[in-house]
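For reference, the chains in residue letters:
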Amino acid sequence: MVFLFNIFYQLGDSLAFLLLAAIGLAVIFGMMKIINLAHGEFITVGAYGTVVSGKVLNLPLPIAMAFGVLVTVIFGLILEKFIIRYLYGRPLDSVVATWGISLIVSQSFLVIFGPSYEGLQTPMGNFQLGEFSYSEYRIFLIFFALFLLSLLYYLFMKTSFGTLARATIENPSISSSMGVDVKSVYTATFAIGAGLAGVTGALYAPTMTIVPSIGQAFIVSAFITVVTAGASPFVGLVPAAAFLGTVQTSVTFFYKSTIGLIAILCAVILIIRYLPNGFSGLILKTRSK
Amino acid sequence: MTKNSLLKIENLSSGYGSTIIVNNFSFEVNKGEILAITGSNGMGKTTLMKTIMGLLEAREGKISFKEEDITNSSPDYRSKSGIGYVPQGREIFSALTVEQNIMLPVYTRKKMSFNVNDKLEEIYSLFPILKEKRSANGSSLSGGQQQQLAIARALIFDPEIIILDEPAEGIQPSIVSFIGKILTDLSKNLKKTFIVVEQNISLISQLNSDCILVEKGILTKKLKSSEINTVEKARNLLSLHN
Ligand SMILES: Nc1ncnc2c1ncn2[C@@H]1O[C@H](COP(=O)(O)OP(=O)(O)OP(=O)(O)O)[C@@H](O)[C@H]1O
Ligand SMILES: [Mg+2]
């Protein structure tokens, strides 16, 4: 029983991490096709926004987190207006530009806040089961990740804004001839993606050491999860994260965590080879049968 | 300017890169009228329509809609001013359901002057197949169904004029005449205005409208509806290669 719970806890922890790492990127790369190498730095902005406002302004954690998200949205809006806007439909240029952004941002954090910043305490408590101790906050993160994803699915698949966003991304010029203000839709969609990365940073800030490279911890997981999810990220993200999380947890369980990451990468290679449209491709295909 | 001219094109030129395709083009369409535009492949009909929609910029000349100069307006502004567009190849959004495709223009507008649900039902009664497939993906429809969807998507916001670019292309004859009937009915009963780019002779004669002929981006003939209202007459006068 305790053994089973332990497995579920590890699995859920890894699922939450993969989902939250990927969620903003699912919008910016999965939907908008911008290869955003600065995704990690968006998370960094969210994390610092939370920690710094929590410490300096002495805000309660949920408010500090909201502040961190807000800062990331503003950061995303500024980048969109001055750089990203010119990169829609230019994936290779977006690689170079976002890589540059990533370097500039992480170096600026180093200069401004130094090599590490005093962190916040992980909220909620721990509980004991058998010989193991578990963090309640990490269990909260599992449910929150799933909730956030359902919210996002609803936003993009069921609301009028989501319809506009998906139409614009599929065919901007025809959308504009139907009355869509393409520029604003792109800006809003990008801001949502940035904000979600901010949420990730805010949520993990109280669990990690706050260093300028904090976002780097997420970027590989983010990309492999979005790629595995496939063309329709909001449909494919949960199965992709569940699959990768299972691979990682089981390999880590028997071997070491470095081997867990290698196992994930091998799994992704197999997925790309045998499911070129990712998990969402598989789901949409079986659904339409 | 004639009193009821709804859309007026004056000396319009446009093209791609350094090539001019549409050359010094002028015509006007009055309210309640259907204007057919024909010409062989590659003569510049689509280029002309894209320029009117604002998807291509005008190099020279002027486009006026309801007496307003819209030559340099954005496509979404033109759409919101009341120009509907049914592009060549239909351009259905494959990621959206049939109903989301139809409703898209509504979502871009803050307020409509009529009840949108009534309008949707009205459109579904014109195109029953779309009602049946309302939750299906746009990409799962046949060519004829997609054409009806593209027309429905233009009708939903009740535009004053609708531009259709080759609605009969690749569609079986029974659906072509069904579409022709819908257009003529809308023009007769609701005073709707249409520009129909078309190479299908039977649809052109069914529309029973004036027609202009485009050759190499230049307007070369203006024909009265009485000159082309049968398939034989149209075939003789419009000497299309296909
Ligand atoms: N995107 C483009 N870039 C460059 N040239 C183009 C482009 N689109 C069309 N052309 C050229 O412009 C000319 C007119 O094309 P257009 O599509 O307007 O013709 P059309 O009369 O609509 O033909 P069709 O009946 O085949 O649809 C053609 O010579 C075509 O090669
Ligand atoms: Mg054409």
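Anything mentioned here points back to the structure above.
Re the coordination of the magnesium ion (ligand 2)
Around the magnesium ion (ligand 2), the protein contributes the donor atoms B:Thr46 (OG1) and B:Gln88 (OE1), at 1.8 to 2.1 Å from the metal centre. Separated by 42 residues along the polypeptide, B:Thr46 in helix 1 (residues 45-53) and B:Gln88 in the loop between strand 6 (83-86) and helix 3 (98-107) bring together distant segments of the chain.

Some points on the sheet that holds strand 3 (residues 34-38) of chain B
Residues and elements named next belong to chain B. The strand order 6-7-8-3-9-10 describes an open sheet built from 6 strands, whose pairing is mixed. Edge strands, defined here as strands with exactly one partner in the open sheet, are strand 6 and strand 10 (218-223). The average angle at which neighbouring strand axes cross in this sheet is 20°, direction not considered. Bridge count for strand 3 against strand 8 (residues 193-197) is 4 bridges, and the pairing is parallel. What sits directly across from Ala36, in strand 8, is Val196. Strand contacts of helix 1: strand 3, strand 6, strand 7 (161-165), strand 8 and strand 9 (210-215), with the helix running at about 150° to strand 7, the strand carrying the most contacts.

Observations concerning helix 4 (residues 116-126) of chain B
Residue and element names in this part refer to chain B. Listing the buried residues of helix 4 in full gives Val116, Lys119, Leu120, Ile123 and Tyr124. Each buried residue of helix 4 sits inside an arc of 140° when the element is viewed along its axis, so together they form one side. What points out from helix 4, more than 90 degrees from its buried face, is the exposed set Asn117, Asp118 and Ser125. Each element contacted by the buried residues of helix 4 is listed here: helix 3, helix 5 (128-132) and helix 6 (143-155). One side-chain oxygen at the N-terminal end of helix 4 lies 2.8 Å from the backbone nitrogen of Asn117; it belongs to Asn115.

Here's the deal with the interface of chain A and chain B
Contact with chain A, which involves 17 residues of that partner, is made by 21 residues of chain B. Where chain A abuts chain B, roughly 1700 Å² becomes buried across the two surfaces, and 66% of that area is made up of carbon and sulfur atoms. Across the chain A-chain B interface, the total number found is 0 salt bridges. Mapped onto the side of chain A that touches chain B, the elements with two or more residues apiece are helix 6 (160-170) and helix 7 (172-177) of chain A. Residue contributions to the side of chain A that touches chain B peak at 6 residues, all from helix 6 of chain A.

Observations regarding the site of ligand 1
All names here are of chain B. Taken together, 13 residues form the shell around ligand 1, and within it Gly42, Lys45, Thr46, Thr47 and Gln88 come nearest. Contact between ligand 1 and Thr46: an oxygen atom at 2.7 Å from a side-chain N or O atom of the residue. Between ligand 1 and Gln199 there is a distance of 2.9 Å, counted from an oxygen atom to a side-chain nitrogen or oxygen. Considering ligand 1 on its own, with 630 Å² of exposed area, one finds that the protein chains cover 59% of that surface. By residue number, the principal contributor to the shell around ligand 1 is helix 1, which donates 3 residues. When grouped by side-chain class, the residues that make up the shell around ligand 1 number 3 nonpolar, 8 polar and 2 charged.

A closer look at the pattern of salt bridges
Within the structure shown, the criterion is met by 14 salt bridges over all chains. Between A:Arg85 and A:Glu80 there is a salt bridge; the shortest N-O distance is 3.2 Å. Its relative accessible area of 1% is what places A:Glu80 among the buried residues. Notably, a salt bridge pairs B:Arg134 with B:Glu99, separated by 3.0 Å at the nearest N-O pair. On the criterion of sequence distance, the pair formed by B:Arg134 in the loop between helix 5 and helix 6 and B:Glu99 in helix 3 is long-range, its members being 35 residues apart. Owing to a relative accessible area of 27%, B:Arg134 belongs among the partly exposed residues under this scheme. Note on B:Glu99: relative accessible area 23%, which makes it partly exposed. Beyond isolated ion pairs, a larger network of salt bridges with shared partners links B:Lys119, B:Glu122, B:Asp158 and B:Lys192.

Reading the values: the criteria
All residue numbers refer to position in the chain's written sequence, counted from 1. Working convention: letters from A go to chains and numbers from 1 go to ligands, in the order in which they are written. A pLDDT threshold of at least 70 governs which residues receive local features in this predicted model, and a stricter bar of 80 or more applies before side-chain atom pairs are shown or counted, although totals over entire chains, interfaces and linings include all residues. Side-chain figures throughout are based on the complete set of non-hydrogen atoms in the structure, without hydrogens or water. Any nitrogen, oxygen or sulfur atom within 2.8 Å of a metal ion counts as a donor, with the limit raised to 3.2 Å for Na, K and Ca, and since water is left out, coordination shells can look unfinished. What counts as a helix is a DSSP run of H or I of at least four residues, what counts as a strand is a run of E of at least two, and both are numbered from the N terminus. By the convention used here, strands pair only if DSSP detects at least 2 bridges between them. For helices, the fitted line uses only the C-alpha atoms of the stretch in contact; every axis is such a line through C-alpha atoms, and the angle between N-to-C directions lies from 0 to 180 degrees. Note on contacts: a residue pair qualifies if any of its non-hydrogen atoms lie within 4.5 Å across the two residues. Relative accessibility thresholds used throughout: buried, under 20% of the residue-type maximum; exposed, over 50%; partly exposed, between the two (1.4 Å probe, protein chains only). This arc describes the spread of directions from the helix axis toward the C-beta atoms. As used in this structure description, the phrase polar contact means that two N or O atoms lie within 3.5 Å; if the pair is within protein, one of them must be able to donate a hydrogen and the other to accept it, and residues adjacent in sequence are counted only when both atoms belong to side chains. A 1.4 Å probe defines the accessible area here, and the buried area is the portion of it lost by two parts on being joined, summed over both. Any carboxyl oxygen of Asp or Glu within 4 Å of a side-chain nitrogen of Lys or Arg constitutes a salt bridge here. Residues are counted as near a molecule or strand when any one of their heavy atoms sits within 4 Å of it. Working definition of accessibility: Shrake-Rupley area with a 1.4 Å probe, residue cover restricted to the visible protein chains. Gly falls in the polar group here, along with every residue not listed as nonpolar (Ala, Val, Leu, Ile, Met, Phe, Trp, Tyr, Cys, Pro) or charged (Asp, Glu, Lys, Arg).

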